[in-house]
Amino acid sequence: MSYGFDSMSLIRDGKRWFPVMGEIHYSRVPNAFWADELLKMKAGGVDVVSAYTIWIHHEEIEGEYDWSGDRNLRRFVETASSCGMKVLLRIGPWCHGEVRNGGFPDWLLKKDFEPRTNDPRYLSEVGRWYRAVFSQVAGFVGSTIIGVQIENEFGHCGGIYEKEAGELHMRKLRDCARDAGFVVDLYTATGWGGAWTGGMIPVMGGYCDAPWDPRTTEIEPSGNYTFTFERNDHNIGSDHGFGYGITFDIKKFPYLTAELGGGLQVTKHRRTIATASDIAAVALVKMGSGCNLLGFYMYHGGTNPDGRLSTLQESTDTGSLNDLPVKNYDFRAPIREFGQVSDTMRELKLLSYFAGDFGGSLCALGTVIPDENPQNPADFSSLRHSFRSDGSKGYVFVNNYVRHQHLPRHDAVLSSPDGKTRLPALEIEDGDFFFLPFNMEFGGTPVRTATVTPFCAVGGKTVFYKRRNDGSRSSFFDCAGGEKPSDFLVLSRRNALNAWKAGGRLLITGDDAHAFGLPGGGIRIEGRRDASFLVFPDFDSCPDGWRRTGSVNMNEADDLPPVLFARYEKIGAPSSSAGTCEFVPFGGGRYGLDFSGELSRIGTGGISDAFVSLRYVGGSARLFSSACGKRHLLLDDFFMDERIPWEIGLKRFTGCGAELSSLELEIEPLAEDARIYIENPPSFPDSGMRRELLSVSVEYEWSFGIGAEKAR
């Protein structure tokens, strides 16, 4: 395939392309589960994987490269290829990524030259690093690897702040990458905050809050909830300085993102809780503002690896501006640290599936933001809306959601930008965010207006879903000539959130389950409670190990033909998903734990994982294991909210039963007057200090296949 771009969008094989990109750091995820985790991302509608190659993870000691185990870049790219996904490799040399030294090895900083400058000695080291990276992925560049990002936030978060020298540096790095073998169609560079791009494709960002912000109070409402032609998020990297603008001509480049916050990583001083709606509303606003690539950072959380010489997290001890957990890089991402599929992933899937099946036509539509649309992020009274349209056809985008704010209800009657099509009257509630089509064609049927949102196409059906609070059962479409579309399926919003495309079918699971397709054509269903699902079209025959229990019409539109989904239940599914885990108080915020019993159940009776939930109050918690007489930091967590447990998946520790039989949990005290932003502070005793383990519970996850063998 060939790739290119123009001022509107990316182009793949001569056609406009709206990709969805998700960040996963292979060196922060156990390699044994790469295939499953990538296939989960694919099930979420991600078709391009972005990943940093983190220099300090591979060459912590000068001249000693480590490409083994979880650092095996070649195997990771091979796995992505086998999963049918493309890769955009972010090769640094500096990445940030909440890593020690921004990814630079300590030895590099001890050289007698300044990194991130045009000093030939530094560029020589970069060239050597690029060649080492290329040696691992030779044969995949230009096929699986369709692009590379050069540097990160250069000229905003460090680097050269003078324009001519900064742009020259970025061009020199691109030349180094080409000389190393990275000859690709797409070269990208950070576009926000005054960063230099060297003429490469700028990629933008947008977060719902700013855990790097030095303040420990609620901060002002984010501009990312406002439809605007402004592509810059001024608050990204605000700990390094306010982002004053962009350095490229936006008329020459498409609006693409690489860092829409898929979540937020907590810092020691700022414990922001990013919810599914917080994240999804930002993504919808970006799409409605003209964005033609949704790139999420992170899409999959992870765990920092152990270093040979030091810990590898960002910290103030190493000159960074924030303190991060030593191990935890969960990020509250759509897919969490231990592979948990979150509500955020479900929300983003509503946009990702649309982009995959209908995004090509969206790319060709311009952006129209009405003059009455508020530009002040603190204006909560005006209706926030935009159009992606050529004037007569397109989509209207509406956002009545701002994190931590209540917005008024609106009764709106909008018209197309050319004024010729009046859209249906809308009752827009506080917290609503959605988009609707007008004068668009779906499956060969022209739709003048609709009060439901297009979702995907499957089994000869165009699938839509209802808005929040829509109790209607008919009259969702106004089609040309009064036609009733026979090939439309309207789902409830809840069922759309739980719908998964796999194997050419649409499966609907329970709220606690998910499904993903396998390279051989099979499907995996995973969940914690109800081992059943609905599917359309039905299988040719009942899959082994499953029982067909009937069918149900899932079409919410009573005035359209019914669409029957077959219902299946697993034969011999686990009878209970709950387990128990005891803890022994040692005093001083220390507790003894034994996870070996929970670990022993993994792999029996379809149980694929055991999730231990620790509810506690304290500044932070650390879990230590003892092996060969040595105490080892296994995992850690920064406290956020006593209602949000620290959840630990045990699957990755299979084979470590003895090590998990004698664990020690340490909880650091939390002071009531600590300079820490906590959204929902706990209560405190008279002492003003608290550390307490409230409960320990266990929930098992089952995993069953349909058809071909499982991925892992």
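Residues numbered from 1 in each chain as written. Predicted model: local features only at pLDDT ≥ 70, side-chain atom pairs only at ≥ 80, totals over all residues. Heavy atoms only, no water.

Enquirer: For this particular structure, what's the right way to read helix α6 (residues 163–180)?
Expert: Two residues of an α-helix separated by three or four positions point the same way, owing to the 3.6 residues in each turn. Along its 18 residues, α6 runs 26 Å from first to last C-alpha, staying within 8% of the 26 Å computed at 1.5 Å per residue. Structurally, α6 contributes buried residues whose contacts are with α5 (120–137) and β8 (186–190). Looking one or two places after α6, you find G181, whose phi comes out positive at around 120°. (Helix = DSSP H or I, 4+ residues; strand = E, 2+ residues; numbered from the N terminus. Expected span 1.5 Å × (residues − 1). Contact = heavy atoms within 4.5 Å.)

Enquirer: When you look at unusual backbone geometry in this model, what are you seeing that I'm missing?
Expert: For residues that are not glycine, phi is negative in most cases, and the peptide bond is trans in most cases. With an omega of 20°, the peptide bond between G92 and P93 qualifies as cis. By the element assignment, P93 lies in the loop between β6 (86–90) and α4 (106–109). Residue P537 is reached from F536 by a cis peptide bond, and omega for that bond is -15°. Tracing the chain through its elements places P537 in the loop between β30 (532–536) and β31 (546–553). One non-glycine residue, N101, adopts positive backbone phi at about 60°. Mapped onto the secondary structure, N101 falls in the loop between β6 and α4. Residue classification places N101 among the buried positions, given a relative accessible area of 11%. A positive phi angle is found at N469, which is not glycine, with a value near 65°. With respect to the helices, strands and loops of the structure, N469 is situated in the loop between β23 (461–465) and β24 (477–479). (Buried < 20%, exposed > 50% of the residue type's maximum accessible area, 1.4 Å probe, protein only.)

Enquirer: Sorry if this is basic, but what is going on with the packing of aromatic side chains here?
Expert: Aromatic ring pairs are described here by two measures, namely the spacing of the ring centres and the angle between the planes. Following the criterion strictly, the structure yields 43 aromatic pairs and no others. When the centroid spacing of 6.0 Å and the interplanar angle of 85° are considered together, the rings of W55 and W107 count as edge-to-face. With W55 in helix α2 (residues 55–58) and W107 in helix α4, this residue pair connects regions lying 52 residues apart in the sequence. The two residues W55 and W107 agree in class, both being buried. Considering the side-chain rings of F354 and F358, the 5.6 Å spacing of their centres and the 45° angle between planes classify their relative orientation as tilted. (Phe/Tyr/Trp six-rings, centres within 6.5 Å; stacked < 30°, edge-to-face > 60°.)

Enquirer: What am I meant to see in the sheet that holds strand β9 (residues 201–206) here?
Expert: Sheet strands line up and pair through hydrogen bonds in the backbone, either parallel or antiparallel. Spatially, the eight strands close up into a barrel ordered β4-β5-β6-β7-β8-β9-β10-β12, and their pairing is parallel. The mean angle between the axes of side-by-side strands here comes to 25°, regardless of whether they run parallel or antiparallel. The sheet contact formed by β6 and strand β7 (residues 145–149) spans four bridges and is parallel. By the bridge assignment, R90 is partnered in β7 with Q149. (Pairing = 2+ DSSP bridges. Axes fitted to C-alpha atoms, helices over the stretch in contact; angles between N-to-C directions.)

Enquirer: Teacher, can you tell me more about the nonpolar core here?
Expert: The nonpolar side chains of a soluble globular protein tend to be buried, and buried together. Ranked by size, the top nonpolar core spans 164 residues in total, and within it Y130, F182 and F477 carry the most contacts. Among the elements that take part in this core, helix α8 (residues 343–363) stands out by supplying ten residues, more than any other. Setting aside anything within four residues of it in sequence, one finds Y130 in contact with I91, G92, P93, I150, L173, C176, A177, A180 and F182. A621, L660, L663 and V698 belong to the second largest nonpolar core, which has 35 residues in total. (Core = buried A, V, L, I, M, F, W, Y, C linked by side-chain atoms within 4.5 Å.)

Enquirer: Explain the environment of F565 to me, please; I cannot follow it from the model alone.
Expert: The residue F565 is located in strand β32 (residues 564–570) in this model. F565 sits in the buried class, given a relative accessible area of 0%. On a C-alpha basis, the gap between F565 and V87 in space is 35 Å, while along the polypeptide they are 478 residues apart. Sequence-distant contacts of F565, that is, excluding residues within four places in its chain, are made with L489, L506, I508, L534, V535, F536, G550, S551, V552 and M554.

Enquirer: Would you mind showing me how to read the side chain of H269 here?
Expert: Looking at the element boundaries, H269 is found in the loop between β10 (257–261) and β11 (270–271). We classify H269 as buried; its relative accessible area is 15%.

Enquirer: Even after reading the chapter, I still don't get the pattern of salt bridges, so can you show me in this structure?
Expert: Two side chains with opposite charge may pair up if their charged atoms get near one another. A complete count under the given rule lists 51 salt bridges for this structure. Here E347 ties to R493 by a salt bridge, and the two come within 2.9 Å at their closest N and O atoms. Highlighted residues: E347 in helix α8 and R493 in helix α9 (residues 493–497), separated in sequence by 146 residues. Between E699 and R528 there is a salt bridge, with the nearest N and O atoms lying 3.2 Å from each other. Residue E699 is found in strand β44 (residues 692–706), and its partner R528 is found in the loop between β29 (523–527) and β30; the two are separated by 171 residues along the sequence. Look at R528 and you get buried, because its relative accessible area is 11%. Salt bridges sharing partners connect three or more residues here, namely R590, R622, R631, E664, E666 and E668. (Salt bridge = Lys/Arg side-chain N within 4 Å of Asp/Glu carboxyl O.)

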